[in-house]
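Close look at the chain arrangement
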Amino acid sequence: MSIKICPSMLSADPTKLGRELMDVENAGANAIHWDIMDGNFVEAITFGSRVISAHRKLTALRFDVHLMVRNPDSHLENFAMAGADAIIIHAEACDHLHRTLSRIKNFGKKAGIAFNPATPIDAVKYCFGIFDVILIMGVNPGSSGQTFIESSVKKISEMRQIVPAHVEICVDGGITAETVGKCAGADSFVSGSYIFGSNNYSLAIETLRINSR
Ligand code: DX5
Ligand code: ZN
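Residues numbered from 1 in each chain as written. Chains lettered and ligands numbered in written order. Predicted model: local features only at pLDDT ≥ 70, side-chain atom pairs only at ≥ 80, totals over all residues. Heavy atoms only, no water.

Right, let's get into the coordination of the zinc ion (ligand 2). Those protein atoms acting as donors to the zinc ion (ligand 2) are His 33 (NE2), Asp 35 (OD), His 66 (ND1) and Asp 172 (OD), and they sit at 2.0 to 2.2 Å. One way to put it: the six donor atoms around the zinc ion (ligand 2) meet at angles of 68 to 168°, and that makes the site octahedral. Look at where the donors of the zinc ion (ligand 2) fall in the sequence and you get H-x1-D-x30-H-x105-D. The residues His 33 and Asp 35 share a single accessibility class, namely buried. (Donors = N, O, S within 2.8 Å, 3.2 Å for Na, K, Ca; no water. Tetrahedral: all angles 85-135°; square planar, octahedral: opposite > 155°, others 65-115°. Buried < 20%, exposed > 50% of the residue type's maximum accessible area, 1.4 Å probe, protein only.)

Right under this line is the structure:
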C-alpha cells in the first residue's frame, strides 16, 4: 500500500469548510477525516451527519468518520446515509464491539476500531474479518494540536504483527514532519494542525508522505 495522508477537518477553518476540503483535495489528500465528538465520550462537540452529507457532494475522496461518541450504534445509520465510506468506532465506547463492527459492515461500509493510547489492543484478535481499518491514537482524543505520545510507536508495530496485511493501520493525533517517521508499520496518517496550520497544504502533505518512509 502507498502511504495515505488524511487531513482532519477538525483543524480546518470552520467558516469555510467546503473551500478547505477542496483545497486539501487539490493538495494531494487521499481521504478526508471527520472527527465526530459528542460532548460526552470527549468534552468537545463537533460535526453532525448533516455536515457530512453537505460536503459529500463536493468530492469523491474517501470520507473516514471517526466517532468519538458514547453509544455509537445509535449514530451508525445517520453517518452511513450521510456518505461515510469508513466508520471508525472507539473500542472504549463499545459494550459490544463485535456487534457494532458487524452493523457497520451491514451498511456496506468499511469498519474501523480506534484505540486510545492507554487501551490494550488484544480485542482485535477476536474480531478478524469484521474490520478493515485500525486507528491507533497518537494522542488522547478530544482536540487537535496535542503532542504525540511516544508509546504509540510500539503499539503500531505490535498491531502490524497481529492484523492481516490488507488491514489499514492509521495513526491519528500528533502527526508532524518529525513524528510521522517514527510510525513504522502504519499505512495512513491523519493530520489536523500540521496541515491546516501551514500556509502551503501541498508542501505539508508531501512532507508527511516523504518523511513517513
Ligand atoms: C483527536 C482527533 C484527531 C485530531 C488530529 O481527537 O481524533 O483526528 O484532529 O489533530 P492533530 O493532527 O492536530 O493532532
Ligand atoms: Zn480523528
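Right, let's talk about the site of ligand 1 for a bit. The immediate surroundings of ligand 1 are formed by 20 residues, with Asp 35, Gly 142, Asp 172, Gly 192 and Ser 193 found nearest. At 3.5 Å from an oxygen atom of ligand 1 is found a side-chain nitrogen or oxygen belonging to His 33. A distance of 2.8 Å separates an oxygen atom of ligand 1 from a polar backbone atom of Gly 174. Bound to the protein, ligand 1 loses 100% of the 390 Å² it would expose on its own. The set of elements that each furnish at least two residues to the shell around ligand 1 consists of β2 (31-37), β3 (62-68) and β8 (188-191). Of the residues forming the shell around ligand 1, the biggest block, three residues, is contributed by β2. Here the shell around ligand 1 is built from residues that sort into six nonpolar, 12 polar and two charged. (Near = heavy atom within 4 Å. Polar contact = N/O pair within 3.5 Å; in protein donor to acceptor, adjacent residues only side chain to side chain. Areas by Shrake-Rupley, 256 points an atom, 1.4 Å probe, with all protein chains shown as cover. Helix = DSSP H or I, 4+ residues; strand = E, 2+ residues; numbered from the N terminus. Nonpolar A, V, L, I, M, F, W, Y, C, P; charged D, E, K, R; others polar.)

To continue, consider the sheet that holds β8. The strand order across the open sheet built from eight strands is β1-β8-β7-β6-β5-β4-β3-β2, with neighbouring strands paired in parallel fashion. Edge strands, defined here as strands with exactly one partner in the open sheet, are β1 (4-7) and β2. Taken over all neighbouring pairs, the strand axes of this sheet differ in orientation by 25° on average, direction set aside. Summarising the sheet, strand β7 (residues 168-172) and β8 pair through three bridges and their orientation is parallel. Bridge pairing links Cys 170 to Ser 188 in β8. Sheet strands in contact with helix α4 (residues 97-106) are β4 (86-90) and β5 (110-115), and its direction is about 145° off that of β5. (Pairing = 2+ DSSP bridges. Axes fitted to C-alpha atoms, helices over the stretch in contact; angles between N-to-C directions. Contact = heavy atoms within 4.5 Å.)

Once that is clear, we can look at the environment of Lys 109. Position of Lys 109 among the secondary structure elements: in the loop between α4 and β5. Between the C-alpha atom of Lys 109 and that of His 96, which follows or precedes it by 13 residues, the distance is 18 Å. Ignoring anything within four residues of it in the chain, the contact list for Lys 109 reads Ala 80, Ala 84, Asp 85, Ile 87, Ile 104 and Asp 132. At 3.5 Å, the side chain of Lys 109 forms a polar contact with the backbone oxygen of Ala 80. From its side chain, Lys 109 meets the backbone oxygen of Ala 84 in a polar contact 2.9 Å long.

Where burial is concerned, the two faces of β8 agree: the one with Ser 188 and Val 190 and the one with Phe 189 and Ser 191 are both buried. Relative to β8, β1 runs parallel, the two being bridged by four bridges. Among the inter-strand pairings, Pro 7 is bridged to a residue of β8, identified as Ser 191.

Applying the stated criterion to the full structure yields four aromatic pairs. Summarising the aromatic geometry, the rings of Trp 34 and Phe 47 are spaced 5.3 Å apart at their centres and angled 90° between planes, so their arrangement reads as edge-to-face. With a gap of 13 residues between them, Trp 34 in strand β2 and Phe 47 in the loop between β2 and α2 (49-56) connect regions that are remote in the sequence. For the pair formed by Trp 34 and Phe 47, the shared burial category is buried. (Phe/Tyr/Trp six-rings, centres within 6.5 Å; stacked < 30°, edge-to-face > 60°.)

Once that is clear, we can look at the pattern of salt bridges. Tallied over the full model, the rule gives 11 salt bridges. With a closest N to O distance of 2.7 Å, Arg 62 and Asp 64 form a salt bridge. Overall, the relative accessible area of 3% leaves Asp 64 in the buried class. For Glu 150, the salt bridge is made with Lys 182, and the minimal N-O distance between the two is 2.7 Å. Taken together, the positions of Glu 150 in the loop between β6 (133-137) and α5 (152-162) and Lys 182 in the loop between β7 and β8 put the pair 32 residues apart, joining distant regions of the chain. For Glu 150, a relative accessible area of 45% puts it in the partly exposed group. A network of salt bridges, in which partner residues are shared, links Arg 62, Asp 64 and Glu 168. (Salt bridge = Lys/Arg side-chain N within 4 Å of Asp/Glu carboxyl O.)

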